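Fold and geometry: a report
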Amino acid sequence: SIGGLTESIVKYSLMALNNFIKEIAGKPNAETVLISILQHANRIMKEHHNSERLIVPLFKTLEFILGREEFAAIQGVQNVITEMTELVSKEMENCKSIMRLTASTGTVVCLLGLAKDKEVSKKLLDMAARLLFDKEFPKVRKALADKFYLILVAQTEDHGAITTTVAERISDFLCETDWLNLSQDEIPATKEAYENLFLE
């Protein structure tokens, strides 16, 4: 898998997957094949819930896949995203593994970038906020903030529960906050300031 083992395996697995997606994208059955990849990822999460050895590499792989424009263009991807959001949420629930939480940041943010349904988008925003204001793992906060920022600055229209105005506010807020060195005493006020960014 892309997400684990040695650097060379990661490199060549990534190249192989990248070439496969590019090749399949231009074919008539592209949507069916690409959606089946995401459905297979959902099955892995269902069958191997809380299995660190499988879930961490899967999250890393999903970050690569979901960030590709080929998936953003698929009409039927929204139903798969809805199910995936629920499954990722279960993997994060009561999780104390810094490896799994860090790996989840890219998946959550990429799902947020794809989700058009407002309710799904709101759920993903709640998941992102849990990572952003985690009191135990500053590195998880930093990872989420960096990836979230990149998704927001690329947003050119209202998307899901995030308007372009809100996206601009959040991106500025993410840049201005020192997520790595945020003290526990500062977290409540910072969280409140973040939540106020969504008020129109």
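Now for a description of the structure that goes with this document. Residue indices begin from 1 for each chain and proceed along its sequence in written order. Two thresholds apply to this predicted model, a pLDDT of at least 70 for residue-level local features and 80 or more for giving and counting side-chain atom pairs, whereas whole-chain, interface and lining totals are computed over all residues. Side-chain numbers here rest on the full set of heavy atoms in the structure, without hydrogens or water.

1. Side note on the packing of helix H2 (residues 30-47) against helix H5 (residues 77-92)
Filter applied, for reference: Note on definitions: angles span 0 to 180 degrees between N-to-C directions of axes, and those axes are lines fitted to C-alpha atoms, for helices only across the stretch in contact. In this description a helix means any DSSP run of H or I spanning at least four residues, a strand means any run of E spanning at least two, and both kinds are numbered starting from the N terminus. Convention used here: angles under 35 degrees read as roughly parallel, angles over 145 as roughly antiparallel, angles from 65 to 115 as roughly perpendicular, and any remaining angle as oblique. Here a crossing is taken to be left-handed if its near helix is turned anticlockwise relative to the far helix by less than a right angle, and right-handed if that turn runs clockwise. Here, two residues are considered to be in contact whenever any of their heavy atoms come within 4.5 Å of each other. Throughout, the ten residues Ala, Val, Leu, Ile, Met, Phe, Trp, Tyr, Cys and Pro are labelled nonpolar, Asp, Glu, Lys and Arg are labelled charged, and all others, Gly among them, are labelled polar.
Packing of H2 against H5 leaves a shortest axis separation of 10 Å and a crossing angle of 25°. The orientation of H2 with respect to H5, classified from their angle, is roughly parallel. The element H2 and its partner H5 pack so that their crossing is left-handed. The segment H2 lies against H5, with Ile35, Leu38, Gln39, Ala41, Asn42, Met45 and Lys46 engaging Val77, Val80, Glu83, Met84, Leu87, Val88 and Glu91. Considered class by class, the residues forming the contact of H2 with H5 number nine nonpolar, two polar and three charged.

2. So, the packing of H5 against helix H7 (residues 118-132)
Where H5 meets H7, the axes come as close as 10 Å, and the angle between the chain directions of the two elements is 25°. Classified by the angle between their axes, H5 and H7 sit roughly parallel to one another. Crossing geometry of H5 relative to H7 is assigned as left-handed. Of H7, the residues touching H5 (which contributes Ile81, Thr82, Thr85, Glu86, Val88, Ser89 and Met92) are Val120, Lys123, Leu124, Met127, Arg130 and Leu131. Taken together, the residues that form the contact of H5 with H7 break down as seven nonpolar, three polar and three charged.

3. Things to note about unusual backbone geometry
Our working rule: The buried label applies to any residue whose accessible area, calculated with a 1.4 Å probe on protein chains only, is under 20% of its type's maximum; exposed applies above 50%, and partly exposed to all values in between.
The residue Asn50 is not glycine, and still its phi comes out positive at about 70°. Using a relative accessible area of 42% as the deciding quantity, one classes Asn50 as partly exposed. Here the phi dihedral of Asn94 falls at roughly 60°; this positive angle occurs in a residue that is not glycine. Note on placement: Asn94 falls in the loop between H5 and helix H6 (98-114).

4. Notes on the side chain of Asn42
Along the polypeptide, Asn42 turns up in helix H2. Overall, the relative accessible area of 1% leaves Asn42 in the buried class.

5. Overview of the packing of aromatic side chains
Operational definition: Pairing of aromatic side chains here covers Phe, Tyr and the six-membered ring of Trp, requires ring centres within 6.5 Å, and sorts the geometry by plane angle: under 30 degrees stacked, over 60 edge-to-face, intermediate tilted.
Under the definition given, this model contains five aromatic pairs. Centre to centre, the rings of Phe173 and Trp179 are 5.9 Å apart; their planes meet at 70°, and the pair counts as edge-to-face. Of the two residues, Phe173 and Trp179, neither departs from the other in class, the shared state being buried. Taken together, the ring pairs in this structure connect Phe133, Phe173, Trp179, Tyr194 and Phe198 into an aromatic cluster.

6. Regarding the state of the cysteines
Note the threshold: To count as a disulfide, a pair of cysteine sulfur atoms needs to be within 2.5 Å.
What the rule picks out here adds up to zero disulfides. Here Cys95 stays free of any disulfide, with the sulfur of Cys110 as its closest cysteine sulfur at 19 Å. As a non-bridged cysteine, Cys110 has Cys175 as the owner of its nearest cysteine sulfur, 18 Å distant. Judged by its relative accessible area of 10%, Cys110 falls in the buried class.

7. So, the pattern of salt bridges
When charged atoms on two side chains of opposite charge get close, those side chains can pair. What counts is decided by this rule: Salt-bridge detection follows one rule: a side-chain nitrogen of Lys or Arg within 4 Å of a carboxyl oxygen of Asp or Glu.
As enumerated under the stated definition, the model contains ten salt bridges in all. Ionic pairing is found between Glu83 and Lys46, a salt bridge with its closest N-O pair at 2.5 Å. With Glu83 in helix H5 and Lys46 in helix H2, the pair connects residues that are 37 residues apart, well separated along the chain. Arg100 is paired through a salt bridge with Glu52; the nearest N and O atoms lie 3.1 Å apart. Taken together, the positions of Arg100 in helix H6 and Glu52 in helix H3 (residues 52-66) put the pair 48 residues apart, joining distant regions of the chain. Overall, the relative accessible area of 27% leaves Glu52 in the partly exposed class. Each of the salt bridges in this network shares a partner with another, and the network as a whole consists of Glu52, Glu91 and Arg100.

Structural measurements only, silent on function.
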